[in-house]
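# Fold and geometry: a report
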Amino acid sequence: MNEFVLQLLNGLDKGGAYALIALGLTLVFGTLGVVNFAHGALFMIGAFCAVVFSRLLQLETVTVDPERLTPWGSPMEIRTPLVQAWLGDFGAFLVQYSVPLSIFFAIPVMLLVGLAMERGLIRFFYKRTHAEQILVTFGLAIVIQEIIKANFGANPIPVSAPAALSGSADVGAWLGLGGGIFYPWWRLAYLGFAISIVALVIVFLQFTTYGMVVRAGMEDRQTVGFLGINIQRRFTVVFGIAAVVAGLAGVMYTPIVPPSYTMGMDFLVLSFVVVVVGGMGSVGGAVLAGFLLGILQSFASMNEIKSILPGIDQVIIYLVAVVVLLTMPRGLMGRKGVMET
Amino acid sequence: MKFDRINRRIFLKSSAIVGAGLATPTIFTSASRAQDFCNAPTGSTVTLGFNVPQTGPYAEEGADQLKAYQLAVKHLNGEGDGGMLNTFKGTALKGNGILGKKVEYVSGDTQTKSDAARASATRMIERDGAIMISGGSSSGVAVAVQSLCQDAGVIFMAGLTHSNDTTGKDKKRNGFRHFFNAYMSGVAIAPVIGEAYGKDRRAYHLTADYTWGWTQEESIKNATEALGWETVTAVRTPLGSADYSQYLTPVLNSGADVLILNHYGNDMVNSLRQAVQFGLRDQQANGKNFEIVVPLFSELMAQGAGEAIKGIYGTANWDWKLEDEGTKAFTKSFGEEYGTPPSQAAHTGYVQALLYAHACETAGTFNPKGVVEALEGLEFDGLGNGPTLYRADDHQCFKPVLVVQGKEDPADKFDLLQVVREVPAEEVTYDASMFGGELGPVNSAC
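What counts and how
- Along each chain, the written sequence defines residue order, and numbers are assigned to residues from 1.
- Lettering of chains starts at A and numbering of ligands starts at 1, both following the order in which they are written.
- Confidence filtering applies because this is a predicted model: local features only for residues at pLDDT of at least 70, side-chain atom pairs given and counted only at 80 or more, and all residues used for totals across whole chains, interfaces and linings.
- The side-chain numbers reported here are obtained from all heavy atoms of the structure, hydrogens and water having been left aside.
- Elements are defined by DSSP. Helices are runs of H or I of four residues or more, strands are runs of E of two residues or more, and each kind is numbered from the N terminus.
- Working rule for contacts: check all heavy atoms of both residues, and any pair within 4.5 Å makes them a contact.
- Buried, partly exposed and exposed residues are distinguished by accessible area as a fraction of the type maximum, computed with a 1.4 Å probe on protein chains only: under 20%, between the cut-offs, and over 50%, respectively.
- For this analysis, a salt bridge means a side-chain nitrogen from Lys or Arg found within 4 Å of a carboxyl oxygen belonging to Asp or Glu.
- Contacts described as polar in this section are N or O atom pairs within 3.5 Å, which, within protein, must combine one atom able to donate a hydrogen with one able to accept it, while residues neighboring in sequence count only if both atoms come from side chains.
- Any residue that is not Ala, Val, Leu, Ile, Met, Phe, Trp, Tyr, Cys, Pro, Asp, Glu, Lys or Arg is counted as polar, Gly included; the first ten are nonpolar and the last four charged.
- With axes taken as lines fitted to C-alpha atoms, and helix axes fitted only over the stretch in contact, angles between N-to-C directions fall between 0 and 180 degrees.
- Working definition: roughly parallel below 35 degrees, roughly antiparallel above 145 degrees, roughly perpendicular at 65 to 115 degrees, and oblique for all remaining angles.
- In a left-handed crossing the near helix is turned counterclockwise from the far helix by less than a right angle, and in a right-handed crossing that turn is clockwise.
- We call a set of buried Ala, Val, Leu, Ile, Met, Phe, Trp, Tyr and Cys residues a nonpolar core when their side-chain atoms join them within 4.5 Å.
- Every patch collects residues that have over 30% relative accessible area and no salt bridge, joining them within 9 Å if they carry like charges and within 5 Å if they are nonpolar side chains (Val, Leu, Ile, Met, Phe, Trp, Tyr).
- Accessible areas in this description were obtained via Shrake-Rupley with a 1.4 Å probe; residue shielding takes into account the shown protein chains only.
- The split into domains, and so the bounds of each, comes from an automatic or database assignment of domains.
- Summed over both partners, the accessible surface that disappears when two parts come together, traced with a 1.4 Å probe, is what is meant by buried area.
- Centres within 6.5 Å are what make two rings of Phe, Tyr or Trp a pair, Trp counting through its six-membered ring; a difference in plane orientation under 30 degrees is then read as stacked, over 60 as edge-to-face, and the rest as tilted.
- Working rule: Lys NZ or Arg CZ, within 6 Å of ring centre, within 35 degrees of ring normal, means a charge sits over the ring.

A few words on the environment of Val 171 of chain A. Counting through the fold element by element, Val 171 of chain A comes out in helix 7 (residues 171-175). Those residues in contact with Val 171 of chain A that sit more than four places away from it in its chain are Leu 9, Ile 181, Tyr 183 and Leu 188 of chain A.

Attention now moves to unusual backbone geometry. Residues and elements named next belong to chain B. The phi dihedral of Asn 39 falls on the positive side, at around 55 degrees, and the residue is not glycine. Along the chain, the position of Asn 39 falls in the loop between helix 2 (30-33) and strand 1 (45-52). On the basis of relative accessibility, which here comes to 21%, the residue Asn 39 falls in the partly exposed class. Even without a glycine there, the phi angle at His 395 is positive, about 60 degrees. Its place among the elements puts His 395 in the loop between strand 14 (388-390) and strand 15 (397-398). Judged by its relative accessible area of 0%, His 395 is buried.

Okay, the interface of chain B and chain A next. Contact with chain B, which involves 38 residues of that partner, is made by 36 residues of chain A. Here chain B and chain A share two salt bridges between them. Across the pair Asp 243 of chain B and Lys 14 of chain A runs a salt bridge whose closest N-O atoms are separated by 3.5 Å. Scanning the region where chain B abuts chain A turns up 11 residue pairs in polar contact (both at pLDDT 80 or more). When contributions to the side of chain B that touches chain A are tallied by element, the ones reaching two or more residues are helix 3 (59-76), strand 7 (230-237), helix 8 (245-252), helix 9 (265-277) and helix 11 (325-338) of chain B. Residues of the side of chain B that touches chain A, tallied by class, amount to 12 nonpolar, 18 polar and eight charged.

A few words on the packing of helix 1 (residues 2-32) of chain A against helix 11 (residues 231-253) of chain A. All names here are of chain A. Taken N-terminus to C-terminus, the directions of helix 1 and helix 11 make an angle of 170 degrees; their axes are 9 Å apart at the nearest point. One way to sum up the angle between helix 1 and helix 11 is to call them roughly antiparallel. Handedness of the crossing formed by helix 1 with helix 11: left-handed. For the pair helix 1 and helix 11, contact is made by Ala 17, Leu 20, Leu 23, Gly 24, Leu 27, Val 28, Thr 31 and Leu 32 and by Gln 232, Phe 235, Val 238, Phe 239, Ala 242, Val 245, Ala 249 and Tyr 253, respectively. For the contact of helix 1 with helix 11, a count of residues per class yields 13 nonpolar, three polar and no charged.

Membership of the largest hydrophobic core comes to 126 residues, with the highest contact counts inside it found for Leu 259, Leu 355 and Tyr 356 of chain B. In terms of residues, this core owes the most to one element, helix 12 (residues 344-363) of chain B, which gives 11 residues. One finds Phe 48, Phe 235, Val 273 and Ala 321 of chain A within the second-largest nonpolar core, a separate group that totals 94 residues.

As a further point, take the packing of helix 2 (residues 39-57) of chain A against helix 11 of chain A. Residue and element names in this part refer to chain A. The contact between helix 2 and helix 11 brings their axes to 6 Å, and the two run at 50 degrees. When the axes of helix 2 and helix 11 are compared, the pair comes out oblique. Two packed elements cross with a definite hand, and for helix 2 against helix 11 that hand is right-handed. On the side of helix 2, the interface is formed by His 39, Leu 42, Phe 43, Gly 46, Ala 47, Cys 49 and Ala 50, while helix 11 contributes Ala 242, Ala 243, Ala 246, Gly 247, Ala 249, Gly 250, Val 251 and Tyr 253.

Our next topic: a nonpolar patch on the surface. Residue and element names in this part refer to chain A. Together, Met 1, Phe 4, Trp 174, Leu 175, Leu 177 and Trp 185 give the surface a local cluster of nonpolar side chains, amounting to about 660 Å² of exposed area. Inspection of the secondary structure puts Phe 4 in helix 1. Residue classification places Phe 4 among the partly exposed residues on the basis of a relative accessible area of 42%.

One frequent convention defines the size of an interface as the accessible area lost when the parts assemble. Residues and elements named next belong to chain B. Parsing chain B into structural domains produces domain 1 (45-180 + 320-399) and domain 2 (183-316). Here domain 1 and domain 2 have C-alpha centroids that lie 29 Å from each other. On the domain 2 side, the residues contacting the 24 residues of domain 1 number 23 residues. Each partner contributes to the roughly 1900 Å² buried at the junction of domain 1 and domain 2, and carbon and sulfur atoms together form 59% of this total. Where domain 1 packs against domain 2, one counts one salt bridge. Applying the counting rule to domain 1 against domain 2 returns 17 residue pairs in polar contact (both at pLDDT 80 or more). Secondary-structure elements contributing two or more residues to the side of domain 1 that touches domain 2 are helix 3, helix 5 (139-152) and strand 15.

A few words on the packing of aromatic side chains. Scanning the model with the defined rule gives 34 aromatic pairs over all chains in all. Ring geometry for Phe 204 of chain A against Tyr 210 of chain A: centres 5.9 Å apart, planes inclined by 35 degrees, an arrangement best described as tilted. On the basis of relative accessibility, which here comes to 23%, the residue Phe 204 of chain A falls in the partly exposed class. Overall, Tyr 210 of chain A belongs to the partly exposed group, its relative accessible area being 27%. Here Tyr 210 of chain B and Trp 212 of chain B contribute two aromatic rings whose centre-to-centre distance is 6.2 Å and whose plane-to-plane angle is 50 degrees, an arrangement assigned as tilted. Residue classification places Tyr 210 of chain B among the buried residues on the basis of a relative accessible area of 10%. One aromatic cluster is present, built from ring pairs that chain together Tyr 18, Phe 43, Tyr 190, Tyr 253 and Phe 267 of chain A. Seen from the ring of Tyr 210 of chain A, Arg 234 of chain A lies directly overhead, with NZ or CZ sitting 4.5 Å from the centre. Looking at Arg 391 of chain B, its charged tip hangs above the ring of Tyr 430 of chain B, at a distance of 5.0 Å from the centre.

See below:
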């Protein structure tokens, strides 16, 4: 039972990340009709926003202490973080909470990156074939990846969660299942964050006038245009929102896995599978498939399952995708007419 | 000239004379003698190839190893303070290159992948004319490149590689390993963790799924089971995994009370940090404190793991805090050059470069046949590990093994590990036939 709960939590956590990335991907597809292979790169840029922000907070002054020597006899360097030197305890607090605080840094950055990507490149490919869109966005993803590699190096950069959230929570006691079920606080925070963001995006689309127009545009772009609404501008904003969602998913993921330039590509393929299983262009489908595949992947890595089917944890997602597409060709919640013309 | 008088006979005669004339100078040049063995240096320089991971899970170790190779080249050429050249007892090295030729080097990125490593080694041998390849930091890579060097007719001086197979079932006559192996780690660490954690323990292994992980898992299993421990299960994880949550969650409810992480480099940093985040070290199992053991780790990994490494037991090939003259000289040179103490990956790379150069000097040739003869059975001292033997039967070095522990209260950012026991070479020596394999004949032809 304990392991079941833990693997469920693992699955929800992974699913949260898949859902956040797939959500943006499917939104862009549903509105602009573009298959954006550079979406994983947005997730990666978000993670590096957290890296940049925490580095800014940890800029140091270097002084030399002639009293203390290094093992090879030169004077020891003493590094003092500037923010802590200037702001004292408040500075220390800022450094501690650099990851959650970098959300505020990442939102404008990701919005700008998203708008620049859409206006600067992707809009020229609206009327081109999906194959051409895939080629150009994949190329863009590689360019972004190499820029990050050139600036930050190829190695993962460890980023710490705040000390208050770096331990683990006694989930068993909360659920009344007794002791023995401990789960890291930060992963629980990530799950809560993912659910909140998904809820916010759905509320925005379902319950605001802006969202209603966007949904109307997704259904019938031409008619909305006839009503005198500049639907293209709204879709551009949606692209920006998708970029922000992917970026924030990246920011919050950094204490779980140290960011590296390949993390976008690692998630991209899985997220595409999630979108396809959920149904191209369906927001609800992406979220549902994200959590579903995350949970299945976790359960598949239980030792009991692997002893029957070795290696199943590595292929389960693709197996499920094959089964879903064979039985429901439009995915779990796919709409008729999407990518069928 | 009257061309109309040239008939077939005259044409053939004159062609033969012209042809012989053109060919004559090359018959007596060193270039043709160079064909005695592969990539024989012809000019005033000799090229070595350093093949290390600059990307991938072992990139940190690779970067440090490359720094050490560069330092070794400097010292071999008589630049800098000479490092271990001054402490290497009875060495033939004089700081004037190797056999009077200035040492140059080329480097390649193995990406911690066997195919990329073989491609970059091939480039270094065929295009750059490298006469020796050194590097590793992954046993998968080391085994693949060792076999390539054997076929290519050059010497392979393995860098950091810890699998039993490198000098066991996959050993080659052209390949040599200074680093210790998983079997030695098991023999060295078992008594220490037996004393610390008791003889009645149940172990759960998480193992990197390739040659090094497999042999380390086997060696540690054998050593701990001989202590009286029970192995609950061993789970394989793909090399380069970033998120270990799905592998860690089953551990606590498996009935195990010790987790053994057969991971190295960034993989180990990620898995250990995540194991601590999951609260494993705060738990009780079977009425005992839950413990984590990492059989092989380094200072670089300790830096990456931060707080999580405190109190963790492991083994090491070498540590910069050892008190011998060789270690002091190397740590001083490396520290002054790069501002950090050298890692064990750096040390083994540096020593291998020096040992190769020494072997060439004593053999009086770069020919792999002579180099192999010089290295087989070589006994040396002053390179940081005390008296060491390069065993002729399997090309494995035998020297003391260090059992280390993450320091609870580090004095500074470099002081992360403490050596808790130095296990003598005799205790970790084993029969050369134990891990199978054949050295085969030496190959020096391209």
